[in-house]
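# Notes for the structure review
Residues per chain are reported as follows:
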Amino acid sequence: MAEEAAAGPDALGVGEVQELVRRKDELEAQIKACYAVLEGQKGVGMSEPLVDAEGYPRADVDVYQVRAARHNIICLQNDHKALMLQVEKALHQLHAREKEKQAKDEAEAQAEAMNQNPTLPQPFARVNAVTPGSPASISGLQVDDEIIEFGSVDTHNFQTLQNIATVVQHSEGKPLSVTVIRGGKKLHLGLTPKHWAGKGLLGCNILPLQR
């Protein structure tokens with residue numbers, strides 16, 4: 001009700017538009033029936049003369065019925081034309097209101113999405129190299145990933161890279177929870193430090209970020 005009121009006093013609802021369309025279909029059926037009457041009268045149509053060559057009413061058709069059908073067709077066509085203008089106006093209003101509602105819904109959804117995605121934590125380090133086949137590579141860590149959690153190290157307690165090195169040394173063979181920012185989104189990875197064919201326990205290089 002509130003939406004219809006907001007659209008203006010002349011705006012029609014869906015039900016009212018459907019009623020207009022139903023009336024349009026009825027008029028078209030009546031017009032078709034009247035034309036069928038003319039077709040049944042020797043196919044006289046709307047303009048064929050109803051008098052013979054001598055000026056007398058034609059004897060081969062029901063002149064009264066033909067005149068009545070022609071009159072009804074003219075009246076019905078006028079009504080149909082006026083009704084079509086109403087239908088077109090009502091459909092235009094419905095489409096405009098639907099477009100306005102869609103824009104409003106999109107704006108609300110965008111606002112809700114922004115509320116559900118709070119500001120990401122400040123990263124304290126960035127991955128600038130990952131060796132293929134290394135524990136870091138196997139975990140899914142990628143170059144340019146920004147680290148916001150590395151085991152027990154996070155944005156609040158990080159001081160130097162030694163913090164990460166200490167966690168790695170004490171977690172050899174044990175899975176570490178690593179959280180990174182990639183492409184503006186927060187991702188959780190499982191990284192298990194261990195000896196492999198290359199150097200160190202991770203196989204990646206991490207740089208501290210200026211804060």
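These notes cover the structure that comes with them. (Residues numbered from 1 in each chain as written. Predicted model: local features only at pLDDT ≥ 70, side-chain atom pairs only at ≥ 80, totals over all residues. Heavy atoms only, no water.)

## Remarks on the overall build of the protein
A count of helical and extended segments in the protein gives five helices and six strands. The order of helices and strands in the protein, counted from the N terminus, is α-α-α-β-α-β-β-α-β-β-β. Relative to its length of 211 residues, the protein is extended, with a C-alpha radius of gyration of 40 Å against a globular reference of 17 Å. Counting only C-alpha atoms and orienting by the principal axes, one finds that the protein spans roughly 120 × 40 × 25 Å. By the burial criterion, 28% of the 211 residues in the protein qualify as buried. Residue pairs at least 24 apart in sequence account for 62% of intrachain contacts in the protein once pairs closer than 6 positions are excluded. (Helix = DSSP H or I, 4+ residues; strand = E, 2+ residues; numbered from the N terminus. Rg over C-alpha atoms; globule rule 2.2 N^0.38 Å. Buried < 20%, exposed > 50% of the residue type's maximum accessible area, 1.4 Å probe, protein only. Contact = heavy atoms within 4.5 Å.)

## Brief notes about the side chain of Ser-139
With respect to the secondary-structure elements, Ser-139 resides in helix H4 (residues 135-139). Taking the relative accessible area as the measure of exposure, Ser-139 reaches 15% and is therefore buried. A polar atom in the side chain of Ser-139 sits 3.4 Å from the backbone nitrogen of Leu-141. Other than its neighbours up to four places away in sequence, Ser-139 contacts Leu-189, Gly-190 and Leu-191. (Polar contact = N/O pair within 3.5 Å; in protein donor to acceptor, adjacent residues only side chain to side chain.)

## What to know about a nonpolar patch on the surface
Where nonpolar side chains cluster on the molecular surface, the patch consists of Tyr-35, Met-46 and Ile-74 and spans about 250 Å² of accessible area. Here Ile-74 lies in helix H3 (residues 63-116). (Patch = residues over 30% accessible without salt bridge, like charges linked within 9 Å, V, L, I, M, F, W, Y side chains within 5 Å. Areas by Shrake-Rupley, 256 points an atom, 1.4 Å probe, with all protein chains shown as cover. Salt bridge = Lys/Arg side-chain N within 4 Å of Asp/Glu carboxyl O.)

## Some details on the packing of aromatic side chains
Tallying each qualifying case throughout the model produces one aromatic pair. Summarising the aromatic geometry, the rings of Phe-124 and Phe-158 are spaced 4.5 Å apart at their centres and angled 25° between planes, so their arrangement reads as stacked. Taken together, the residues Phe-124 in the loop between H3 and strand E1 (125-130) and Phe-158 in the loop between strand E3 (153-154) and helix H5 (161-169) connect sequence positions 34 residues apart. Comparing Phe-124 with Phe-158, the two get one shared label, buried. (Phe/Tyr/Trp six-rings, centres within 6.5 Å; stacked < 30°, edge-to-face > 60°.)

## Quick word on H5
Regarding H5, the residues found buried are Ile-164, Val-167 and Val-168. For H5, the angular spread of the buried residues around the axis is 100°, confining them to a single face. Packing partners of the buried residues in H5 comprise strand E2 (146-150), E3, strand E4 (176-182) and strand E6 (204-208). (Arc of directions from axis to C-beta.)

## What to know about the environment of Phe-150
Tracing the sequence through the fold places Phe-150 in strand E2. Exposure remark for Phe-150: the relative accessible area of 0% places this residue in the buried category. Considered as a pair, Phe-150 and Thr-179 are 29 residues apart in the sequence and their alpha carbons are 6.6 Å apart. In this structure, Phe-150 is in contact with Phe-124, Ile-164, Val-167, Val-168, Leu-176, Ser-177, Val-178, Leu-191, Leu-202 and Ile-206, ignoring residues within four places of it in sequence.

## Points about helix H2 (residues 14-40)
The terminal C-alpha atoms of H2 lie 39 Å apart, and with 27 residues this matches the ideal 39 Å at 1.5 Å per residue to within 8%. Downstream of H2 by one or two residues, Lys-42 has phi in the positive range, about 60°. (Expected span 1.5 Å × (residues − 1).)

## Describing the pattern of salt bridges
Within this structure, the stated rule accounts for nine salt bridges. Between Arg-58 and Asp-60 there is a salt bridge; the shortest N-O distance is 2.9 Å. Here Arg-58 falls in the buried class, since its relative accessible area comes to 15%. The exposure class assigned to Asp-60 is partly exposed, which follows from its relative accessible area of 41%. Residue Lys-101 pairs with Asp-105 through a salt bridge whose shortest N-O separation is 3.1 Å. Note that Lys-101 and Asp-105 are positioned in helix H3 at a spacing of four residues, about one turn of the helix.

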